[in-house]
Amino acid sequence: MSLIQWQAVLWLVASMAMTPALHAQQPAPRIGYVYPAGGQQGTTFQVVIGGQRLKDLKEVFVSGSGVQAVMLERARPLTPQEFREYLELKAKVDALEAKRLAAPQAGKPAKQRGGKEKPQAAANAPSGAAWTPEDGKLLSETKQKLAALVRKPAGAIRKAPTPALADILVAQVTLAADAEPGPREIRVAGQSGMSNPLAFHVGQVTEFSEVASETVTQVKSVIEKSRERPQTSNPKTEMTVALPATINGQVLPGEVNSYRFAAKKGQRIVIAVSARQLIPYISDAVPGWFQATLSLRNAAGKELAYADSFRFNPDPVLHLDVPDDGEYVIAIKDSLYRGREDFVYRITVGELPFVTGIFPLGGPAGAQTTVEAMGWNLPDSKLVVEGKDKAPGIHQLSVRKDGHISNFVPFAVDTLPERLEDEPNNTPETARRITLPVIINGRIDLPEDADVFCFEGRAGDQIVAEVMARRLNSPLDSVLKLTDASGNQIAFNDDHADKGAGLTTHQADSYLQATLPTNGTYYLHLSDAQHKGGPEHSYRLRISAPRPDFDLRIVPASVSARAGKAVPLTVYALRKDGFAGDIALSLKDAPEGFKLSAADVPATQAVARLTLTVQPTIETLPAVLKLEGRATIQGREVSHLALPAEDMMQAFEYRHLVPANELKLAMTGSYKIAGPPRILGDLPVKIPAGGTARVRIVAPPAMFSNKARLELSNAPEGLTIKKVSPSRDGGEIVLQCDAKVKPGQKGSLTITTSVGKAPPSGQHSPATLPAIPFVITQR
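Below or above, wherever it landed, is the structure these notes cover.

The rules we used
- Counting restarts for each chain, with residues numbered from 1 along the sequence as it is written.
- Local features in a predicted model are, by the rule used here, given only for residues with pLDDT of at least 70; side-chain atom pairs are given and counted only at 80 or more, and totals for whole chains, interfaces and linings are based on all residues.
- With hydrogens and water set aside, each side-chain value is computed from the structure's full complement of heavy atoms.
- Runs of E in the DSSP output that reach at least two residues are strands. Runs of H or I that reach at least four are helices, and both are numbered from the N terminus.
- Each residue is placed in one exposure class: buried if its accessible area under a 1.4 Å probe, protein chains only, is under 20% of its type's maximum, exposed if it is over 50%, and partly exposed if it falls in between.
- It only takes one pair of heavy atoms within 4.5 Å for two residues to be counted as in contact.
- Nonpolar cores are built from buried Ala, Val, Leu, Ile, Met, Phe, Trp, Tyr and Cys residues. Side-chain atoms within 4.5 Å join them into one set.
- A side-chain nitrogen of Lys or Arg and a carboxyl oxygen of Asp or Glu constitute a salt bridge if their distance falls within 4 Å.
- In short, DSSP must find at least two bridges between two strands for them to pair.
- Lines fitted to C-alpha atoms define the axes, with helix axes restricted to the stretch in contact, and inter-axis angles between N-to-C directions lie between 0 and 180 degrees.
- Pairing of aromatic rings covers Phe, Tyr and Trp, the last counted by its six-membered ring, and requires centre-to-centre distances within 6.5 Å; plane angles under 30 degrees mean stacked, over 60 mean edge-to-face, and any other angle means tilted.

Turning next to the overall build of the protein chain. Within the protein chain one finds 4 helices and 59 strands. The buried share of the protein chain, taken over its 779 residues, is 50%. Nonlocal contacts in the protein chain, meaning residues at least 24 apart in sequence, comprise 71% of its contacts between residues at least 6 apart.

Structure (structure tokens):
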């Protein structure tokens with residue numbers, strides 16, 4: 001079966017899956033790609049947005065200032081009947097083009113431009129058949145029908161792509177001349193809610209875009225080209241660009257996109273790809289993202305450089321010291337020759353600054369840090385980082401040269417004392433003595449190198465050693481080992497997973513926690529698991545007593561709520577150094593009418609499911625929300641804002657919390673205020689182990705009708721709904737607890753309610769009752 005036929009089958013399946021269940025609520029819109037994924041300061045351009053459930057969306061939001069965006073139109077996908085017509089017309093055009101190519105001209109061999117013989121005709125074209133004026137007229141008419149089918153009056157292509165990307169929107173974006181360069185987020189919204197965010201970049205240099213059939217302004221050129229030559233699986237031709245430039249493109253199956261530029265001897269050209277940076281994870285593709293490869297050739301076709309990554313980052317980067325005046329060609333493709341609409345890329349090319357690494361990787365809060373910068377086309381090898389206004393955490397640094405900003409690199413800030421590593425310190429005999437607590441900034445300078453540090457400890461002391469390297473863009477794959485003075489191993493760690501590092505797929509940083517057995521001298525050994533080293537293999541090593549703390553992630557980053565109805569949210573508690581206490585959650589500086597239910601993360605638990613009920617006025621929307629967590633740790637109150645995130649799937653299986661800039665909310669449907677469901681009685685609900693508990697809820701009668709289906713969502717094991725009883729003002733739910741559940745367990749229960757036949761997975765979302773806090777008690 002051909003690719004086009006497969007697309008037709010997939011579209012039919014997706015169309016049948018969209019039949020709504022009775023009273024089911026549509027899930028939020030979802031965008032899968034934006035093309036181009038950015039633009040130059042001071043320009044206005046059009047973008048294509050592809051995804052699902054985009055029918056009623058009329059607003060476009062880009063984070064930050066200096067950006068205006070308006071929706072132009074929606075280009076719906078072809079219906080199954082239209083797609084069958086498209087296949088028939090396309091086959092007819094192909095056959096006529098093949099006949100035209102094979103037709104003899106006054107007894108001479110058929111030629112094409114440039115004097116080369118034309119390719120042989122397709123098997124379905126009569127060999128040597130004469131090309132008549134009637135054939136030409138028929139070809140022209142058929143192409144006109146094909147063009148009318150795949151474009152609306154405004155010019156937007158309406159094809160049948162991947163079902164998950166089938167809805168297409170066209171928007172216009174205007175970037176102010178002084179818009180801050182760098183990454184932003186783009187969302188679309190309307191009566192059906194607000195979409196997930198995707199990366200959108202504000203650039204500084206001239207932008208070029210390859211021919212993309214979806215864009216309004218390029219439709220006519222695509223059609224004109226189709227009159228000159230038969231369509232192939234890869235109709236795109238090489239494009240010439242002037243440096244410096246940012247090139248925007250998409251890769252479809254089997255494609256290799258090529259770009260030609262002129263350069264002079266001695267120039268230092270950086271060629272940097274953004275692909276995974278734009279769309280971090282793709283759920284239905286292996287390895288889970290667009291794995292771009294980049295090659296560079298001279299005008300004679302000789303390959304000068306090739307890259308399929310940059311160190312451990314999937315997006316490739318090349319650096320060229322131009323050897324001769326002349327033209328050079330870069331080519332980009334997927335490593336497995338895959339492709340589809342969401343294989344979007346941006347390539348920045350020119351004598352532009354690019355930071356490959358810094359040392360040290362961080363510095364103390366409240367003080368200046370002099371940093372060594374490594375890379376290409378940098379203004380200086382040193383920069384001063386001001387830590388006065390930087391809170392503890394990871395910040396982004398960049399440099400500027402000739403007005404151009406470099407890529408961003410992470411820089412960690414902490415409150416502990418810091419020092420630089422001193423060489424030699426490769427063995428216990430040459431180990432550097434340190435006083436705890438401390439953060440050591442060091443390097444594994446050479447392959448097979450190791451850094452050893454010694455300190456005095458007492459029996460019963462709790463010691464934590466943590467490496468920050470991979471999370472700070474260092475290629476170091478660390479290994480930590482703690483030994484006593486006799487060389488006996490006390491603790492060891494290679495890789496430690498940090499759920500907060502959602503963009504890191506190889507969790508290569510080490511972490512260990514140990515209780516010292518006796519008084520004496522102890523040695524901490526740090527090395528690279530792959531026995532590599534070099535000036536870029538930097539690290540920050542924290543050695544201290546445990547510092548209990550927490551970070552929060554809230555999912556999703558875009559919330560679609562209906563007035564008066566509860567919408568579920570998930571909060572992840574990233575507990576540090578053994579912190580196991582309760583975390584109270586609250587909205588910070590929220591507009592009036594926003595209410596959280598079950599707003600805490602119980603002790604020892606990593607996940608809390610809560611609900612948000614919204615009773616806003618139109619003037620408050622869309623709203624940017626902030627969620628704050630508070631806990632008492634070692635006698636002091638600690639608070640942190642939750643970082644918004646998207647729970648993204650990679651390659652059918654793996655899941656990652658990908659950070660976002662904002663937690664943004666939009667309303668669905670009418671703004672008419674309705675009375676929200678509410679829980680009666682004392683909270684939390686006390687459920688005895690091996691027993692039952694009754695929960696009374698005031699809610700619209702339909703939620704508890706005989707046709708209603710109530711289900712626990714992600715409930716702890718052993719908790720079930722035993723019985724549901726409707727009442728005049730809502731209903732009663734009887735919760736049952738298995739006798740094996742341990743008393744003292746706490747959390748919150750999310751219950752969904754829907755009416756009618758269960759909808760296909762992913763197509764509709766049932767209504768959600770307010771989250772019910774609970775605690776398991778002794779019977």
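Further remarks concern the nonpolar core. With 41 residues, the main nonpolar core has Ile271, Leu296, Ile330, Ile332 and Ile347 as its most contacted residues. For this core, the leading source of residues is strand β19 (residues 344–350), giving 4 residues. When sequence neighbours within four positions are dropped, the list of residues in contact with Ile332 reads Glu255, Val256, Asn257, Tyr259, Val273, Phe290, Ala292, Thr293, Leu294, Tyr345 and Ile347.

Locating Glu85 in the fold gives a position in helix α2 (residues 80–102). Owing to a relative accessible area of 37%, Glu85 belongs among the partly exposed residues under this scheme.

A few words on the pattern of salt bridges. All chains considered together, the criterion is met by 35 salt bridges. Linking Glu646 and Arg30 is a salt bridge whose minimum nitrogen-to-oxygen distance equals 3.6 Å. Within this pair, whereas Glu646 is found in strand β48 (residues 643–650), its partner Arg30 is found in strand β1 (residues 30–35), the two being separated by 616 residues in sequence. Judged by its relative accessible area of 8%, Glu646 is buried. Residue classification places Arg30 among the partly exposed positions, given a relative accessible area of 34%. With a closest N to O distance of 3.0 Å, Arg471 and Asp498 form a salt bridge. In this pair, Arg471 sits in the loop between β32 (462–468) and β33 (478–484) while Asp498 sits in the loop between β34 (489–493) and β35 (511–515), placing the two residues 27 residues apart along the sequence. We classify Arg471 as buried; its relative accessible area is 18%.

Moving on, we get to the sheet that holds β35. Overall, mixed pairing links the 5 strands, which are arranged β28-β30-β37-β32-β35 in an open sheet. The strands lining the two open edges of the sheet, one partner per strand, are β28 (418–420) and β35. Across the sheet, the mean angle from the axis of one strand to that of its neighbour is 20°, orientation sign disregarded. Looking at chain direction, β32 and β35 are connected through 5 bridges and run antiparallel. Residue pairing across strands places Ile463 opposite Ala514, the latter belonging to β35.

Counted by the stated rule, this structure contains 10 aromatic pairs. Note on Phe290 and Phe343: the rings are 5.0 Å apart at their centroids and 25° apart in plane angle, and the pair reads as stacked. Within this pair, whereas Phe290 is found in the loop between β14 (268–274) and β15 (292–298), its partner Phe343 is found in the loop between β18 (326–334) and β19, the two being separated by 53 residues in sequence. On the basis of relative accessibility, which here comes to 2%, the residue Phe290 falls in the buried class. Accessibility expressed as a relative area gives 2% for Phe343, which makes it buried. Plain terms: the ring middles of Phe310 and Phe354 are 5.8 Å apart, the flat faces sit at 90° to each other, and that makes the pair edge-to-face. In this pair, Phe310 sits in the loop between β16 (303–307) and β17 (317–321) while Phe354 sits in strand β20 (residues 354–359), placing the two residues 44 residues apart along the sequence.

Taken in spatial order, the 4 strands line up as β51-β53-β56-β55 in an open sheet, and their pairing is antiparallel. Looking at which strands have only one partner, the edges of the open sheet turn out to be β51 (678–680) and β55 (719–727). For this sheet the average axis-to-axis angle between neighbouring strands, irrespective of direction, equals 30°. Pairing of β55 with strand β56 (residues 730–737) involves 8 bridges; the strand directions are antiparallel. The residue of β56 that forms the bridge with Pro726 is Gly731.

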